[in-house]
2 protein chains.
Amino acid sequence: MPNSDPASPPKPLTIEDILEVFEEGSDEAIAEICRIAHPGDIETAFERLDDEERGTVLKALPADLLSDLSDYLPSADFEKRVRTLPEEEKREVLDAMSDDELVDLLQEVPEKERPEYLELLPEEKQALSEDLLQFDEDSAGGRMTTAFAKVNEHLTVREALAQLEAQREEPEMLSRIYVVDDGGRLLGKIRLRDLAFNPRKSFISEIMDRDRTAILATAEQEAAADMIARYDLMALPVTDDQGRLLGIVTHDDALDIIQEEVTEDIERASGIGGERDMAYIQTPVTIHLRRRFGWVLAMALLGMISGYVLHTFESVFKAHYVLALYLPMVVAAGGNTGAQAATMVIRALSLGELTPSEFFHVVWKEMRVGLMLGGLLGLCIALQIRFLLPAVFSEGATGSLLQIASVVGLALTAQVATSTSIGAILPLGARAIRLDPAVVASPAITTLVDVTGLIIYFSLARVLLPG
Amino acid sequence: MPNSDPASPPKPLTIEDILEVFEEGSDEAIAEICRIAHPGDIETAFERLDDEERGTVLKALPADLLSDLSDYLPSADFEKRVRTLPEEEKREVLDAMSDDELVDLLQEVPEKERPEYLELLPEEKQALSEDLLQFDEDSAGGRMTTAFAKVNEHLTVREALAQLEAQREEPEMLSRIYVVDDGGRLLGKIRLRDLAFNPRKSFISEIMDRDRTAILATAEQEAAADMIARYDLMALPVTDDQGRLLGIVTHDDALDIIQEEVTEDIERASGIGGERDMAYIQTPVTIHLRRRFGWVLAMALLGMISGYVLHTFESVFKAHYVLALYLPMVVAAGGNTGAQAATMVIRALSLGELTPSEFFHVVWKEMRVGLMLGGLLGLCIALQIRFLLPAVFSEGATGSLLQIASVVGLALTAQVATSTSIGAILPLGARAIRLDPAVVASPAITTLVDVTGLIIYFSLARVLLPG
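Residues numbered from 1 in each chain as written. Chains lettered and ligands numbered in written order. Predicted model: local features only at pLDDT ≥ 70, side-chain atom pairs only at ≥ 80, totals over all residues. Heavy atoms only, no water.

Draft legend 1. Geometry of a negative patch on the surface. All names here are of chain A. Among the surface-exposed residues, Glu108, Asp136, Glu137, Asp138, Glu220, Glu275 and Asp277 lie close enough to one another that they form a single negatively charged patch. As for its placement among the helices and strands, Glu108 is situated in helix α8 (residues 99-108). You can call Glu108 partly exposed: its relative accessible area is 36%. (Patch = residues over 30% accessible without salt bridge, like charges linked within 9 Å, V, L, I, M, F, W, Y side chains within 5 Å. Areas by Shrake-Rupley, 256 points an atom, 1.4 Å probe, with all protein chains shown as cover. Salt bridge = Lys/Arg side-chain N within 4 Å of Asp/Glu carboxyl O. Lys, Arg positive; Asp, Glu negative; His and termini not counted. Charge placed at Lys NZ, Arg CZ, Asp CG, Glu CD. Helix = DSSP H or I, 4+ residues; strand = E, 2+ residues; numbered from the N terminus. Buried < 20%, exposed > 50% of the residue type's maximum accessible area, 1.4 Å probe, protein only.)

Given below as structure tokens:
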């Protein structure tokens, strides 16, 4: 929490200031800066440290600071540090953690050691944690917090206020007050100010907002983030399949989820596999290797098809070696434009602007864009060949300049149109069979259109060039 | 706003339901569904329509519905519709709009017509809009809203509550109450509940939270979104250079900004230029063409370097045409791994995990990853050649299988290590000279490493193969 002592507003420390202390400061200096800096800045600085440095920083923090920072530090590191605390301090830190962070930490603990940790908690928190541990980490239930207030619809405003008064020390709680029926099912919500400005005798059921927008605990966390974004919510209630209110996902979680999700999409689109568990710098070389090798090997094997095609056209190529001058260009133009098309379609799908039902609409659009893009490019390059190439050409290639210009120009047109269509079709097809469209990584498209490019280029050459 | 009539909770209409009515319904049906569906869902459905359909939907909406939906519909379309309204209704719609949406709309109006629009507004709103119009659309000032409450530090709780009571009809306002001094400078904030639960005689200055986290109006909107994400804020105050409070950027704006920003980054990384003003389907083919052609042409011209290199190695290639089998693979492996490295570095930079000061650390890491990745790949492929290739090889190529395997294996290693290094160096270099690292699009890296790949492959062949 930001420092709220009236005498000292939070100092505008930069990330670099904090980083300097983390890297070179004494234990006391580290603890001191963690006391005064904003936890959000500490988090950012912490992400830039390597393994060893993070260990040093965490060791320098006393239990009370650990409690304050528990919402901001990665749970794997945090768990390692908590493990080393004497029992009393361990209890203190665990008890001070918010329920969702606590569950994240417990998920880092090997299953058979969890009871030891759970026993340190007060009974109520123990039961709550056990409940929350049932949800998958990436589900709405795994992401939710139980820090919200709820009131029964049959209470009067006076009774509700009396009940809520007890929670006023927990500042987060009162921003979201939900209304439930006797069975705990979500009926709607109400704001503190509606309570404050209404007659004390009114019943909650008369003045509540009956907005029951909610998400199932088993739904994916991305679905929760999307709803929060679409409906501009501060928090989204999470229910079980009976409609019972279990918790809420908050707007700041939505931001984190969207950031994680986007990073995953971007990485997957470049053929980087697996989960991103750590910041870039913190990820060891071996994990980088493991995340990237799969696609690279797969693409290399696919690339053998292109090799085979190129090998097959030996006679055409050797007879017209001037084709070499434009071979990389024709092949690469397909890769570039195919990847562009795929990027646009994948992004539109993930923003919810497109559905696979618009398949033909999209493919038709990309074919037209591709034809124009390729035609324009082909024309530019054909003109370049016709008028600017005499020097190279005179070295004794076969076929007239005009013939070479036609081959290259037509090849570019056909290759780009093919590539944009493939770039649109693959992600839409993936989504249609319920795969994440981002699995159609750019490398896959590039490798595929390498093959079409070679076939188009040499086939045209075979037809249009003499001999 | 969600329907808050106690009798009818918002119906769970799907986007598809709404879309069906938009595409096929009568004007009455369209108006009816816009009355009952959540505006967030209407927005999503609306984004999937083409130009003509959007016109039809907007024409079907009466002025009161237009007012309700003004926060959710694209300002360009909205402006076109408002333009056709009779003066009285135009006044009504404009007056009902929130200040930030109104300014977005005014920005769509040609400058010389703006006074006409402004004159329709009540005086206060007119002045406010004129003030807000001064800020760049993409700055914190251009994004902020003035819908917040402020109180002077010298007021008592009683006086503050009386002042705020007047604003209770504007539900958004009271979630953010800021404290200012006599000069309007931001001093901190206070919550409604702190007012409610404190003695009426206390002074605001005694009970306020002196958190002065704020952003300059001239700062970029992304910086505002980053602060909201980092500090988990509900709203971020925006000030002028004197510290005077001008407005706030809210958490739902932060989500929108991050989504826009990410889309821009992703598109730029694939060599798609310009601003993304419209959803994918709505963007006409000619604009798609304009956004993509620049990079495609530039890359085609750069691709001529590769063509020149390939042309130069004519004698080596013709003498050992078996090299064709692995040429596309060697070249593409560089493109794929280079783009992977760039993606990871660009993403880490944009998440704030990396700074250019870590240049050598990152390049050293990518070089090692590249060496291992390339070495492993080279080994796999060399083994494949040595043991699985006799069929093709026996067709009379020169050089032993072992020699070919060495050329391909070593070329893959060198090419991948070079490419990951280039993929890391370019975005870090771009950031170091204060460019957006995303300008180093994957196509640029792919095209560059095409050149290195060809040089490495044929140079090794020249050295290691006989003749």
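Draft legend 2. Inspection of the relation of the copies chain B and chain A at higher detail. Once turned by 180° and shifted 0.0 Å along the axis, chain B lies on chain A with an RMSD of 0.1 Å. Classification of the inter-copy transformation places it as that of a two-fold axis. Taken as a fraction of all interface residues of chain B, those also at the interface in chain A reach 100%, which identifies the copy contact as same-surface. (Least-squares fit on C-alpha atoms with pLDDT ≥ 70 in both. Contact = heavy atoms within 4.5 Å.)

Draft legend 3. Just the pattern of salt bridges, in detail. All names here are of chain B. The tally for this structure, following the rule as stated, stands at 38 salt bridges over all chains. Taking the shortest distance from any N to any O, the salt bridge between Arg143 and Glu260 comes out at 3.4 Å. With Arg143 in helix α11 (residues 140-143) and Glu260 in helix α16 (residues 251-269), this pair connects stretches of sequence that are 117 residues apart. Since its relative accessible area comes to 17%, Arg143 is described here as buried. Glu260 gets classed as partly exposed once you look at its relative accessible area, which sits at 38%.

Draft legend 4. Quick peek at the sheet that holds strand β1 (residues 149-152) of chain A. All names here are of chain A. Spatial ordering of the open sheet is given by β1-β2-β3, a layout of three strands whose pairing is mixed. If you trace the sheet from one side to the other, it starts and ends with β1 and β3 (186-190), each paired once. The average undirected angle you get between the axes of adjacent strands in this sheet is 35°. Looking at chain direction, strand β2 (residues 177-180) and β3 are connected through four bridges and run antiparallel. Residue pairing in the sheet places Val180 in a bridge with Leu186 of β3. Most of the contacts of helix α12 (residues 157-165) go to β1, to which it runs at about 150°, and overall it touches β1 and β2. (Pairing = 2+ DSSP bridges. Axes fitted to C-alpha atoms, helices over the stretch in contact; angles between N-to-C directions.)

Draft legend 5. Geometry of the interface of chain B and chain A. Facing the 123 residues of chain B at the interface are 123 residues of chain A. Interface of chain B and chain A: buried area, both sides summed, is about 11,400 Å²; carbon and sulfur atoms make up 67% of it. If you sort the residues of chain B by the area they bury against chain A, B:Tyr280, B:Tyr321 and B:Met344 come out on top, with a joint share of 7%. The tally of links between chain B and chain A comes to four salt bridges. (Buried area = accessible area lost by both parts, 1.4 Å probe.)

Draft legend 6. View of the side chain of A:Asp181. Residue and element names in this part refer to chain A. Here Asp181 lies in the loop between β2 and β3. In this structure Asp181 comes out as buried when scored by relative accessible area, which is 14%. Within the structure, the side chain of Asp181 is placed 2.9 Å from the backbone nitrogen of Arg185, a separation counted as a polar contact. Look past the residues within four positions of Asp181 in its chain and what remains in contact with it is Asn152, Glu153 and Leu187. (Polar contact = N/O pair within 3.5 Å; in protein donor to acceptor, adjacent residues only side chain to side chain.)

Draft legend 7. How the structure looks around the packing of helix α19 (residues 327-350) of chain B against helix α22 (residues 401-432) of chain B. All names here are of chain B. Packing of α19 against α22 leaves a shortest axis separation of 7 Å and a crossing angle of 30°. As the angle between them shows, α19 and α22 are arranged roughly parallel. α19 and α22 meet at a crossing whose hand is right-handed. Packed against α19, whose contacting residues are Met329, Val330, Val331, Ala333, Gly334, Thr337, Gly338, Ala341, Ala342, Val345, Ile346 and Leu349, the element α22 presents Ala411, Leu412, Gln415, Val416, Ser419, Thr420, Gly423, Ala424, Pro427, Leu428 and Arg431 at the interface. Looking at the contact of α19 with α22, its residues break down into 15 nonpolar, seven polar and one charged. (Parallel < 35°, antiparallel > 145°, perpendicular 65-115°, else oblique. Left-handed = near helix turned anticlockwise from the far one by under 90°. Nonpolar A, V, L, I, M, F, W, Y, C, P; charged D, E, K, R; others polar.)

Draft legend 8. Summary view of the domain arrangement of chain A. Residues and elements named next belong to chain A. Under the domain assignment used here, chain A contains domain 1 (15-138), domain 2 (149-269) and domain 3 (285-464). Centre-to-centre separation of domain 1 and domain 2, based on C-alpha positions: 27 Å. Counting residues at the interface gives four residues for domain 1, matched by five residues for domain 2. A combined buried area of about 290 Å² lies between domain 1 and domain 2, and 49% of that area is made up of carbon and sulfur atoms. Its largest share of buried area at the contact with domain 2, domain 1 owes to Asp100, Phe135 and Asp138, together 93% of the area lost on that side. Our count for the domain 1 to domain 2 interface comes out at zero salt bridges. Linking domain 1 to domain 2 there are one residue pair in polar contact (both at pLDDT 80 or more). (Domains from an automatic or database assignment.)

Draft legend 9. The arrangement of helix α4 (residues 51-60) of chain A in detail. All names here are of chain A. Taken together, the buried positions of α4 are Arg54, Val57, Leu58 and Ala60. End-on, the buried residues of α4 take up no more than an arc of 160°, which puts them together on one face. The exposed set on the far side of α4, more than 90 degrees from its buried face, consists of Asp51, Glu52 and Lys59. Looking at the buried side of α4, the elements it contacts are α1 (15-24), α2 (27-36), α3 (39-47), α5 (63-69) and α6 (75-83). (Arc of directions from axis to C-beta.)

Draft legend 10. Examining the packing of α6(A) against helix α7 (residues 87-96) of chain A more closely. All names here are of chain A. Contact pair α6 / α7: the axes reach a minimum separation of 9 Å and the direction vectors enclose 150°. With respect to α7, the element α6 is oriented roughly antiparallel. The residues of α7 that touch α6, namely those facing Phe78, Val82 and Arg83, are Lys90, Val93 and Leu94. Its residues placed into classes, the contact of α6 with α7 shows four nonpolar, no polar and two charged.

Draft legend 11. Up close: the nonpolar core. Membership of the largest hydrophobic core comes to 123 residues, with the highest contact counts inside it found for A:Phe22, A:Leu94, B:Phe22 and B:Leu94. Discounting residues that sit within four places of it in the chain, A:Leu94 has contacts with A:Val82, A:Leu102, A:Leu105, A:Tyr117, A:Leu120, A:Leu121 and A:Lys125. Core analysis: the second largest hydrophobic core is formed by 84 residues, B:Ala324, B:Ile385, B:Ala405 and B:Leu412 among them. (Core = buried A, V, L, I, M, F, W, Y, C linked by side-chain atoms within 4.5 Å.)

Draft legend 12. Unusual backbone geometry, seen in detail. Residue and element names in this part refer to chain A. Even without being a glycine, Asp232 presents a positive backbone phi close to 50°. Considering the arrangement of structural elements, one finds Asp232 in the loop between α15 (221-230) and β5 (235-239). Non-glycine residue Arg434 carries a positive phi angle of around 65°. Relative to the helices and strands, Arg434 is located in the loop between α22 (401-432) and α23 (442-464).

Draft legend 13. Local environment of a nonpolar patch on the surface. Residue and element names in this part refer to chain A. On the surface, Leu379, Leu383 and Phe387 cluster together into a nonpolar patch covering about 320 Å² of accessible area. For Phe387, the position within the fold is in helix α20 (residues 359-388). What makes Phe387 exposed here is its relative accessible area of 54%.

Draft legend 14. Summary view of the packing of aromatic side chains. Within the structure shown, the criterion is met by 15 aromatic pairs over all chains. A centroid spacing of 5.6 Å and a plane angle of 55° characterise the contact between A:Tyr457 and A:Phe458, whose relative ring orientation is tilted. Relative accessible area serves as the criterion here: at 0%, A:Phe458 is assigned to the buried category. Put simply, the rings of A:Phe313, A:Phe317, A:Tyr321, A:Tyr457, A:Phe458, B:Phe313, B:Phe317, B:Tyr321, B:Tyr457 and B:Phe458 touch in pairs and so form one group of aromatic residues. Looking at A:Lys90, its charged tip hangs above the ring of A:Tyr117, at a distance of 5.0 Å from the centre. A cation over an aromatic ring shows up here: B:Lys365 above the ring of A:Tyr280, its NZ or CZ 5.7 Å from the ring centre. (Phe/Tyr/Trp six-rings, centres within 6.5 Å; stacked < 30°, edge-to-face > 60°. Lys NZ or Arg CZ within 6 Å of the ring centre and 35° of its normal.)

Draft legend 15. Structural view of the sheet that holds strand β6 (residues 245-250) of chain A. All names here are of chain A. Strand order across the open sheet formed by three strands is β4-β5-β6, with mixed pairing between neighbours. Unpaired on one side and paired on the other, β4 (215-216) and β6 mark the two borders of the sheet. Examined bridge by bridge, β4 and β5 share two bridges and lie parallel to one another. Counterpart to Leu216 in the pairing with β5 is Thr239.

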